[in-house]
Amino acid sequence: MLIMINQIYMLDNDYLFKSVFKNPIYLKKLLCDFFNIKCTTIEYLNTELIKYNKNDKVGLVDLLLNIDGEIVILELQNIDRHNFKERLLFYSSNIIANYCLRKNEDYNKLRSIKVYAIVNYPLFNNDIKNKVRLKTKREIFTSKLEYQIFDLTKVDKDNKRIKYYELVNLFKTKDLDKLTMIINNKLNIEILEIIKGYNLNGEERLKMNDIAQMMMNETEHYDTAYEAGIEVGTERGISLGINQGINRGINQGKNQEKINIAKNLINKKVDIDFIMDVTGLTYDQIISL
């Protein structure tokens, strides 16, 4: 049966991504296919970064997990905001401080943390999978912190020989009828049925559309602001120029748009943590709407 929908949302939609992979069975499939991680137990942790005073920056990760006793951050990033590496470092630093060492434990008991990121734009000029570690010239400085980046843009979604062929298509192919023909794995079939259900459900489509629109506007203002920042930056103060450009871009009409999207998501009973994540508004700002 042909499914006629003008706009199809796939796993690259933040709302759909989190909705599907809150199921540990599907999450294990993703971790195995994209990052070669086989695990037994998954515990979902609070995704809001801990603040120690009111001036600390608010932060939310997409998924924060305890996987077989190891802390894992999982991020989906569709937009090049020109600060993703710094944001991952900020996230991981906060998580290390709050999850990886208990009171009175010696530093040699520090637990390791892994950051897995799926990016939908060229972050590196390397391979599909990129592993990043702190290292000196000849050896790894520490194995306690590791970043693994899976680049969707470098995957040939028509290459049936790769083990993540089907799952990649659930991110990249926006044709539900074609997907029905090429998806054969049992779990991937289940995920596809969830995707179909969300696309055919009017209320869920509105939520996905709001998130997609929010991300599109974020792309426009970040790119414009970044370029403006570079133009006004001088050789001695280019980083200041970039920040001025970004701040100017953010302040030009975007705040009201975020508020409007937040109101729509509140009316649709979307979780407040997710609203904070996609709009950048604080908890207090959202509950006051």
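Please refer to the structure placed before this passage.
Residues numbered from 1 in each chain as written. Predicted model: local features only at pLDDT ≥ 70, side-chain atom pairs only at ≥ 80, totals over all residues. Heavy atoms only, no water.

With reference to specific residues and values, describe unusual backbone geometry.
Residues other than glycine seldom take positive phi values, yet Asp-68 does so here, at roughly 50°. Secondary-structure assignment places Asp-68 in the loop between strand S2 (63-67) and strand S3 (70-77). A positive phi angle is found at Asn-104, which is not glycine, with a value near 75°. As for its position among the elements, Asn-104 is in the loop between helix H3 (84-99) and strand S4 (113-119). (Helix = DSSP H or I, 4+ residues; strand = E, 2+ residues; numbered from the N terminus.)

Can you lay out the nonpolar core for me, pointing to particular residues and giving the numbers?
Formed by 61 residues in total, the largest nonpolar core has its most connected members in Leu-11, Phe-21, Leu-30, Phe-34, Leu-170 and Phe-171. Ranked by residues supplied to this core, first place goes to helix H2 (residues 24-35) with six residues. For Phe-34, the contacting residues outside a window of four places in its chain are Ile-118, Lys-129, Phe-150, Leu-152, Tyr-164, Leu-167, Val-168 and Phe-171. In terms of nonpolar packing, the next biggest core, distinct from the first, is built from 20 residues, Leu-49, Leu-88, Val-119 and Ile-149 among them. (Core = buried A, V, L, I, M, F, W, Y, C linked by side-chain atoms within 4.5 Å. Buried < 20%, exposed > 50% of the residue type's maximum accessible area, 1.4 Å probe, protein only. Contact = heavy atoms within 4.5 Å.)

Give a description of the packing of aromatic side chains that names residues and reports values.
With the rule as written, the count across this model stands at 11 aromatic pairs. Judged by centre distance (6.3 Å) and plane angle (70°), the ring pair of Phe-35 and Phe-150 falls under edge-to-face. Of this pair, Phe-35 sits in helix H2 while Phe-150 sits in strand S6 (residues 145-151), and the two are 115 residues apart along the sequence. Neither Phe-35 nor Phe-150 differs from the other in exposure class; each is buried. Among the aromatic residues, ring-to-ring pairing joins Phe-17, Phe-21, Phe-34, Phe-35, Tyr-116, Phe-150, Tyr-164 and Phe-171 into one connected group. (Phe/Tyr/Trp six-rings, centres within 6.5 Å; stacked < 30°, edge-to-face > 60°.)

Explain H2 residue by residue, including any values.
For H2, built from 12 residues, the straight-helix expectation of 16 Å at 1.5 Å per residue is met to within 8% by its first-to-last C-alpha distance of 15 Å. For H2, every residue scored as buried is listed here: Tyr-26, Leu-27, Lys-29, Leu-30, Leu-31, Asp-33, Phe-34 and Phe-35. Two to three positions downstream of the cap, the backbone nitrogen of Ile-25 sits 2.8 Å from a side-chain oxygen, assigning the N-cap of H2 to Asn-23. Asn-36 lies just past H2 and shows a positive phi near 60°. (Expected span 1.5 Å × (residues − 1). Polar contact = N/O pair within 3.5 Å; in protein donor to acceptor, adjacent residues only side chain to side chain.)

Which residues make up the sheet that holds strand S5 (residues 129-133), and what are the values?
With mixed pairing, six strands are arranged side by side in an open sheet as S1-S2-S3-S4-S6-S5. Each of the sheet's edge strands pairs with one partner strand only, and the pair in question is strand S1 (42-45) and S5. Strand after strand, the sheet turns through a mean of 25° between neighbouring axes, direction not considered. Sheet analysis places S4 next to S6, joined by seven bridges and oriented parallel. Bridge pairing links Tyr-116 to Gln-148 in S6. Together, S1, S2, S3, S4 and S6 form the strand contacts of H3, whose direction differs from that of S3 by roughly 155°. (Pairing = 2+ DSSP bridges. Axes fitted to C-alpha atoms, helices over the stretch in contact; angles between N-to-C directions.)

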